[in-house]
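Close look at the chain arrangement
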Amino acid sequence: MKPKLFRKKQKGIAERKTETHRATEVPYKAVGLGLLLWLFVTWLFFGSGIVRHIDIAEGQRVPSTIVASVDFECELLAETKLNRTKAAEAVPLVFTIDPAPEKYAVEIIEKLFDRLRKLTIASSNLYQVIENSMDDLLLGSSVGTKELIILFPNNQITSAKTALTTNIVNVMSAGILSDEYRRTLFRNAPDRKLTITDETGSASTTVSQQDIYSTRRARRVICETMEDSDRHELVERLLAMLVVDNMAYDEANTELLRRQAADAVIPIIQQYPAGTTLVRAGEQATEQALLLLQHHEQKRHEEQEVFEQVMEIVGNSILLLAGLIATSVILRVVAPKMLQRPDQLLLLVILSLFTLGLTRLLTWFSVQYTFISPALLMYLVPHALAILLAAILLGGSAAICLGLWTSFATAVLFDQSFNVFALGILITITATSTARNIHRRSSLFKAGLWVCAVKVLFALIAAILNRPVVPVLIGQIFAAILSGMLSTVLALLLIPVFEKLFKITTDITLLELSDMGHPLLQKMAIQAPGTYHHSLMVATLAQNAAEAIGANSLLIRVCAYYHDIGKLAKPEFFTENIQHKENPHDGLSPHMSALVIVSHVKEGLALAKRHKLPQPILDAIVQHHGNGLISFFYHKAKLQQQKEIDTGHAATPINDSDFRYGGAPAVSPEMAILSLADASEAAARSIEKPTPKKIASLMDDIFATKIRDGQMDHASLTMAEINTVKQSFIFSLSNMLHGRIPYPKDHENKLDKPAEQPSNPAEKDPEAD
């Protein structure tokens, strides 16, 4: 037994010696933000009570039988509608009298008889003129001037004119209704009433349709004063042109009066005792059924005790808290560093409030003003807005967690609706997967189209299960497309705002900065061409390595372009720009040379801030050398010190901190790869007749030096990933620094016979490499 106990004891000692004790830090800021979010969402959702939402659309099959639990009353829509229709139909049609035909008829009669009187006393010269003018007045009628002269002698002209004009005014002012109106509007029903209003609409008279003159009856009444049969017949033919219908149907005023009459009808109300079956399972939900459910839910809520209402709100708030805690746990697993970033957590809170606030606003419009149909409400919720923004600004892990939280919260708001939660999760997955690697703003619209497609597909699947009427289904599809596209447009507009406020650099911004036409890159290409070429080579090295280990290759490529912009201040002091000129460091002490070399980090930082470059590029400028040692000048100083000692002079003390960069070691895989690529590319240029073996040996030395110097301690890279990066560098540099075959000079080609063709086809063209 002793050996066994001894082994257990030794194992325990070894475990205790090798065990690493880590202090558990509570992210108080994250907890505080979470509690504030929970309290605000609870107030937003339930501050004015529980939102009663009926998740049944008109025409949809009712999933289960619903029985009234309280006594309530509700309007009978069909009976009320019938009574209102009867009241509207009982309103007399409204007509107005046009005074123009009456004035025209009186004017023509007066002119005719005045000229007829003048004709009887006119001279021979004027006789024909007056007769022609009368013919003009009679144009369009079957009456001739000769007939008027014969039948109306001079002594009867005045009395006839007075009688006719009086009768025309009396008859036409009472109104003449056309036969067409009698057939279409009154359907030849003589007992129908109509209302006659004047031009201003202030005075009105209601009469029976049979009491209104027709055109024939009006002409007969006007001609009654003509006792002579010939005169009677002539005047009747004359009135056929003058006496016409002058009543016009006032549709707008009629509809207004009908609406007023219909609105004045008192609704038919019926009592429904508790236990009444409101709708049965499998029945189609009608407008009456939905109204019954709404009044029943409202009455149930009114009779609910205050304690029950409070407990219901508390229960829903606990559900929200549970969902928020679950989301926080998932976020801690998939993105633990985000919990230590209060700014990113604040952005997540703001984005979630975008979705939840807009959702609450939609439900408020739907419940309070019936502005939005409940059948469309679920598809109008802008789930995709916050998720698209989170995926682009914070990454896929944050977007998934945010989508889970907003989907759960909206489901709680919609009375624990599974459909709302399922739709939210589907949109979360779709938006996150399509917006994760967006490099162009136009690509965001493709993500929006995918979101719209998923929403439409969900609406169609729900239609198979619920079978709503076609207009409701069309409305749901339209609402799904509208919500998806509006979310996409808003996301596109808000991305630059959040980038600026939270100092976030998205792939869209990085891609814009990768344009080689940027002023800084153009300036570098002209003033420091060696540095420019070095930056391009470092970008290629680093990008290939980043792709090999799954790091952000776009970020590292853009950072490589700008990491050495500080050399623009003194480009001639850096080896890649010296070329065949005199080396300026030959006249400087090692300390002074080190100061010049180190200063390019500070100069680059100032230049980047002046051009408003984003934070990742600033980090790249500071971290690409870290606090590493400038070994060349450090060893040069050591040699000078040794010479001083050998010659008997007082040795100058050397502090290695004077030969170190003032930056910080890399804190991310991307910055670590950039640091390694910068040192590797520069050192590889010094290899004479480079071969893969020489390059591999050099990479081993550089990587080992960086690791020993502590430059990789905070980079979150495993040894396996570092080895993958090294192998990627060896492969890339072996291809970059490949050798070329020597080509014969011109005088060697001038032989009497053609030169022998090379056996390798690639040797035919120097550009083939």
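Residues numbered from 1 in each chain as written. Predicted model: local features only at pLDDT ≥ 70, side-chain atom pairs only at ≥ 80, totals over all residues. Heavy atoms only, no water.

Considerations on the overall build of the protein
- Broken down by element type, the protein carries 32 helices and eight strands.
- When contacts within the protein are restricted to residue pairs at least 6 apart in sequence, those whose partners lie at least 24 apart make up 77%.
- Within the structure as shown, the protein displays about 42,300 Å² of accessible surface, and the carbon and sulfur contribution to it stands at 58%. (Helix = DSSP H or I, 4+ residues; strand = E, 2+ residues; numbered from the N terminus. Contact = heavy atoms within 4.5 Å. Areas by Shrake-Rupley, 256 points an atom, 1.4 Å probe, with all protein chains shown as cover.)

Points about unusual backbone geometry
- The backbone phi angle of Gln416 is positive, close to 55 degrees, even though this residue is not glycine.
- Position of Gln416 among the secondary structure elements: in the loop between α17 (396–413) and α18 (418–435).
- A positive phi angle, close to 60 degrees, is found at Ser716, a residue other than glycine.
- Along the chain, Ser716 turns up in the loop between α30 (692–708) and α31 (719–736).
- For Ser716, a relative accessible area of 46% puts it in the partly exposed group. (Buried < 20%, exposed > 50% of the residue type's maximum accessible area, 1.4 Å probe, protein only.)

Considering the packing of helix α29 (residues 669–684) against α31
- Interhelical geometry of α29 versus α31 gives an angle of 35 degrees and a closest axis separation of 11 Å. Where α29 crosses over α31, the two elements pack in a sense that is right-handed. Contacts between α29 and α31 involve Ile673, Leu676, Ala677, Ser680 and Ala684 on the former and, on the latter, Val725, Phe729 and Leu733.
- Residue composition of the contact of α29 with α31, grouped by class: seven nonpolar, one polar and no charged. (Axes fitted to C-alpha atoms, helices over the stretch in contact; angles between N-to-C directions. Left-handed = near helix turned anticlockwise from the far one by under 90°. Nonpolar A, V, L, I, M, F, W, Y, C, P; charged D, E, K, R; others polar.)

Considerations on the packing of helix α26 (residues 590–610) against helix α27 (residues 615–623)
- The N-to-C vectors of α26 and α27 enclose an angle of 170 degrees; their axes lie 9 Å apart at closest approach. Looking at the two axes, α26 sits roughly antiparallel to α27. Contact residues: α26 offers Val601, Gly604, Leu605, Ala608 and Lys609, while α27 offers Leu618, Ile621 and Val622.
- Residues that form the contact of α26 with α27 fall into these classes: six nonpolar, one polar and one charged. (Parallel < 35°, antiparallel > 145°, perpendicular 65-115°, else oblique.)

Thoughts on empty space enclosed by the protein
- Counted under the stated rule, the structure contains one cavity of 30 Å³ or more.
- Of the pockets and cavities examined, the largest cavity occupies roughly 30 Å³.
- Forming the walls of the largest cavity are Gly566, Ala569, Lys570, Phe574, Val596, Ser599, His600 and Glu603.
- Looking at the lining of the largest cavity, its residues break down into three nonpolar, three polar and two charged. (1 Å grid on protein atoms, 1.4 Å probe; cavity = no way out; pocket = protein on both sides within 12 Å on 5 of 7 lines; lining within 4 Å. Points joined across faces, edges and corners; volume = space filled by probe spheres on them.)

Examining the sheet that holds strand β3 (residues 93–97)
- If you walk across this open sheet you meet the four strands as β5-β4-β3-β6, and the pairing is mixed. Every interior strand has two partners, whereas the edge strands, β5 (204–208) and β6 (247–249), have only one. Direction aside, the axes of adjacent strands within the sheet are offset by 35 degrees on average.
- As defined by bridge partners, strand β4 (residues 193–197) adjoins β5 across five bridges and the pair is classed as antiparallel. (Pairing = 2+ DSSP bridges.)

Points about the packing of aromatic side chains
- Scanning all chains against the criterion turns up 12 aromatic pairs.
- Look at Phe95 and Phe186: their rings are 6.0 Å apart centre to centre, the planes differ by 20 degrees, and that puts the pair in the stacked class. Taken together, the residues span a long stretch of sequence, with Phe95 in strand β3 and Phe186 in the loop between α8 (179–184) and β4 at a distance of 91 residues. Taken individually, Phe95 and Phe186 each receive the classification buried, so the pair is uniform in this respect.
- Where Phe703 meets Phe729, the ring centres are 5.8 Å apart and the plane angle is 70 degrees; that geometry is what we call edge-to-face. In this pair, Phe703 sits in helix α30 while Phe729 sits in helix α31, placing the two residues 26 residues apart along the sequence.
- Following the ring pairs from residue to residue traces out a cluster consisting of Phe95, Tyr181, Phe186 and Tyr249.
- For the cation-ring pair, Arg231 lies above Phe152, with the distance from its terminal atom to the ring centre recorded as 5.4 Å. (Phe/Tyr/Trp six-rings, centres within 6.5 Å; stacked < 30°, edge-to-face > 60°. Lys NZ or Arg CZ within 6 Å of the ring centre and 35° of its normal.)

A word on the nonpolar core
- Ranked by size, the top nonpolar core spans 70 residues in total, and within it Phe45, Leu320, Tyr379, Leu389 and Trp405 carry the most contacts.
- Per-element tally for this core: the top contributor is helix α16 (residues 383–393), with 10 residues. (Core = buried A, V, L, I, M, F, W, Y, C linked by side-chain atoms within 4.5 Å.)

A word on the side chain of His383
- Assignment of secondary structure puts His383 in helix α16.
- For His383, a relative accessible area of 1% gives the class buried.
- When near neighbours in sequence (up to four residues on either side) are disregarded, His383 contacts Thr355, Thr406, Ser407, Thr410, Val420, Gly424 and Ile427.

Focus on a nonpolar patch on the surface
- Together, Ile325, Val329, Ile330, Val333 and Val334 make up a nonpolar patch on the protein surface, roughly 440 Å² of accessible area in all.
- For Val333, the location among the structural elements is in helix α13 (residues 306–334).
- Overall, the relative accessible area of 66% leaves Val333 in the exposed class. (Patch = residues over 30% accessible without salt bridge, like charges linked within 9 Å, V, L, I, M, F, W, Y side chains within 5 Å. Salt bridge = Lys/Arg side-chain N within 4 Å of Asp/Glu carboxyl O.)

Comments concerning the environment of Ala399
- Here Ala399 shows up in helix α17.
- Each C-alpha atom, one on Ala399 and one on Leu388, is 7.4 Å from the other, the two residues being 11 residues apart in sequence.
- Setting aside residues up to four positions removed in sequence, Ala399 forms contacts with Ile387, Ala390, Ala391, Thr428 and Thr432.

A few points about the pairing of β3
- Here β3 runs beside β4; their pairing, made up of four bridges, is parallel. Paired with Thr96 across the strands is Thr197, a residue of β4.
- Bridge analysis of β3 against β6 gives three bridges, and the strand direction is antiparallel. If you follow Thr96 over to β6, its bridge partner there is Ala248.

Comments concerning the environment of Leu362
- Inspection of the secondary structure assignment puts Leu362 in helix α14 (residues 342–368).
- Through-space distance from the C-alpha of Leu362 to that of Leu380 is 7.9 Å; in sequence the pair is 18 residues apart.

Considering the confidence of the model for the protein
- For the protein, the mean per-residue pLDDT works out to 83, and 89% of the residues sit at or above 70.
- Below pLDDT 50 for its whole length, residues 1–23 participates in zero contacts with residues either more than four positions away or in separate chains.
- Segment residues 748–769 is flagged for pLDDT under 50; beyond a separation of four residues in sequence, or across chains, it makes 12 contacts in the model. (pLDDT = per-residue confidence, 0-100.)

Thoughts on the layout of surface pockets
- Size it by volume and the largest pocket reaches roughly 1,600 Å³.
- Around the largest pocket, the lining is made up of 46 residues, and of these Arg341, Gln344, Leu394, Leu555 and Glu670 lie nearest the centre.
- Residue contributions to the lining of the largest pocket peak at four residues, all from α27.
- Tallied by class, residues from the lining of the largest pocket come to 23 nonpolar, 14 polar and nine charged.
- Size it by volume and the second largest pocket reaches roughly 1,400 Å³.
- Looking at the second largest pocket, it is lined by 38 residues, and the ones nearest its centre are His625, Ser631, Tyr661, Ala682 and Ala683.
- Where the lining of the second largest pocket is concerned, the elements lending two or more residues are α23 (529–549), α25 (575–578), α26, α28 (631–646), α29 and α30.

Concerning helix α12 (residues 287–303)
- Taking 1.5 Å as the rise per residue, α12 with 17 residues should run 24 Å; its terminal C-alpha atoms sit 24 Å apart, in good agreement.
- By the burial criterion, the buried members of α12 are Ala289, Leu290, Leu291, Leu292, Leu293, His296 and Glu297.
- Turning to α12, the residues buried within the fold contact β1 (66–67), β2 (72–75), α3 (77–89), β7 (269–272) and β8 (277–279). (Expected span 1.5 Å × (residues − 1).)

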